[in-house]
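In case you want the letters, here they are:
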Amino acid sequence: GELMSRVIGISRVAIGKHIKALRAQGFDVYAKPGGGYTLDTVSDVLGDGLIMSYSKTDADVIVLETVKSTNIDAKAWAEDAAVHGAMMIAKTQSAGRGRKARHWQSVDGGIWSSTILRPTVAPNDIQPVTLAAAVAVTQAIKQNNPDAHPLIKWPNDVLINGKKVCGILTEFVGDMDAVRYLVVGIGINAAFSIKDLEGELLYTATTLQDENIDINRSKLIADVRDNLLALIDIWTETKSASHIIQYYKQHMAYKDEEVIITGAGHDTTGILVGILDDGTLKIQTDDGFEEVISGEISMRRNNHEI
Ligand code: BTN
């Protein structure tokens, strides 16, 4: 403390206050009598300053304790001042939203984030954004833990060992002719156990912690955002999503396996062939090839629909 106060040029009392603030954020700073302060380097803290220190972009990050849904608050922020790439995170959500108006359980330890994007594209052309988000998360998990093998379940769930570790809900605000902004909601089950959640999720979902994937949450989400912005930049500049589709194809779950496609009016069973260049899913059924624009993939495994 004494040394820090001299080097930084602030009082010993001020150092004590900063240490207290760091502890309040979750950093494990120990004080040994006569031995000074020790920072536990494995502290897994989700903090805006820390995320910015890992980020390549200057766009703001806000980390809040709890909100109903980061997608709702991010929209209000986008209506106000948020720039392209700004990201809002909450430690818990009381009314987290999933696809198809499902509830998304958002306990402490997860990374519940919404990133605002302002691409200059027509509303009909936004399909690659959602694929890009799944690619960005997959890349970031691998960057932070090379032993992990995340795969993407069409259209945009990320799985580890066959179970869902991340869900993505992209919302669009604009009119028929123009996108005003997009809110890309990304929920990553990180530092908690799936046993803490209610319902069937035990069989269908997992967390990074349960898969023994050690990560620093602030670094992981900083990388997710950087990856997403880089993918979006290339897409808007080149008007091509081939870089997104190429990575997606290489990391696709259930390829060449039998799957059931639901939610597209009727259920279709077939072998998953892959995706086309516009993100459409291609399956081979008894009657030939079928292309599916929207819907969900499910499989039956151990008597559970996943
Ligand atoms: C899904 O159903 O798979 C999508 C889940 C998306 C959850 C994330 S968590 C952060 C953001 N805020 C929300 O309310 N939902 C998304």
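Higher on the page you've got the structure.
Analysis parameters
Residues numbered from 1 in each chain as written. Predicted model: local features only at pLDDT ≥ 70, side-chain atom pairs only at ≥ 80, totals over all residues. Heavy atoms only, no water. Pairing = 2+ DSSP bridges. Helix = DSSP H or I, 4+ residues; strand = E, 2+ residues; numbered from the N terminus. Axes fitted to C-alpha atoms, helices over the stretch in contact; angles between N-to-C directions. Near = heavy atom within 4 Å. Polar contact = N/O pair within 3.5 Å; in protein donor to acceptor, adjacent residues only side chain to side chain. Areas by Shrake-Rupley, 256 points an atom, 1.4 Å probe, with all protein chains shown as cover. 1 Å grid on protein atoms, 1.4 Å probe; cavity = no way out; pocket = protein on both sides within 12 Å on 5 of 7 lines; lining within 4 Å. Sits in = over half its atoms within 2 Å of the grid points. Nonpolar A, V, L, I, M, F, W, Y, C, P; charged D, E, K, R; others polar. Salt bridge = Lys/Arg side-chain N within 4 Å of Asp/Glu carboxyl O. Buried < 20%, exposed > 50% of the residue type's maximum accessible area, 1.4 Å probe, protein only.

Q: Looking at this structure, I do not really get the pairing of strand E2 (residues 36-39). What am I missing?
A: Consecutive residues of a regular strand have side chains that alternate between opposite faces of the sheet. Bridging between strand E1 (residues 29-32) and E2 involves 4 bridges; their strand directions are antiparallel. In the sheet register, Ala31 faces E2, and the bridge partner there is Tyr37. Between the antiparallel neighbours E1 and E2 lie 3 residues, among them Gly34 with a positive phi of about 75°.

Q: Explanation requested: the sheet that holds strand E12 (residues 281-285) in the structure shown.
A: Strand-to-strand pairing in sheets goes through backbone hydrogen bonds, with the strands running parallel or antiparallel. Taken in spatial order, the 5 strands of this open sheet run E13-E12-E11-E10-E14, and their pairing is antiparallel. The outermost strands of the open sheet, each flanked by one partner alone, are strand E13 (288-292) and strand E14 (296-298). Mean inter-strand twist for the sheet, computed between neighbouring axes without regard to direction, equals 50°. In this structure, strand E10 (residues 258-262) lies alongside E14, joined through 3 bridges in antiparallel fashion. Paired with Ile261 across the two strands is Ile297, which belongs to E14.

Q: So what exactly am I meant to see when it comes to the site of the ligand here?
A: In the vicinity of the ligand, 20 residues are found, and the nearest of them are Ser69, Gln93, Arg97, Arg99 and Lys164. At 2.7 Å from an oxygen atom of the ligand is found a side-chain nitrogen or oxygen belonging to Ser69. Here a nitrogen atom of the ligand and a side-chain polar atom of Gln93 are 3.0 Å apart. Contact with the protein chains covers 99% of the free accessible surface of the ligand, which is 420 Å². More than half of the atoms belonging to the ligand lie within 2 Å of the grid points that define the largest pocket. Looking at the shell around the ligand, the elements that each hand over two or more residues are helix H4 (70-80), strand E5 (111-117), strand E8 (163-174) and strand E9 (179-188). By residue number, the principal contributor to the shell around the ligand is E8, which donates 4 residues. The residue makeup of the shell around the ligand, split by class, is 5 nonpolar, 11 polar and 4 charged.

Q: How do you make sense of the pattern of salt bridges when you look at a structure like this?
A: One side chain can pair with another of opposite charge once the charged atoms of both are near each other. Considering all chains together, one arrives at 9 salt bridges under this definition. With its nearest N and O atoms 3.2 Å apart, the salt bridge here joins Lys91 to Glu65. Taken together, the positions of Lys91 in strand E4 (residues 87-93) and Glu65 in strand E3 (residues 61-67) put the pair 26 residues apart, joining distant regions of the chain. Note on Glu65: relative accessible area 54%, which makes it exposed. With a closest N to O distance of 3.0 Å, Glu79 and Arg180 form a salt bridge. Remark: Arg180 occurs in strand E9 and Glu79 occurs in helix H4; sequence separation between them is 101 residues. Residue Glu79 is classed as partly exposed on the basis of its relative accessible area of 43%.

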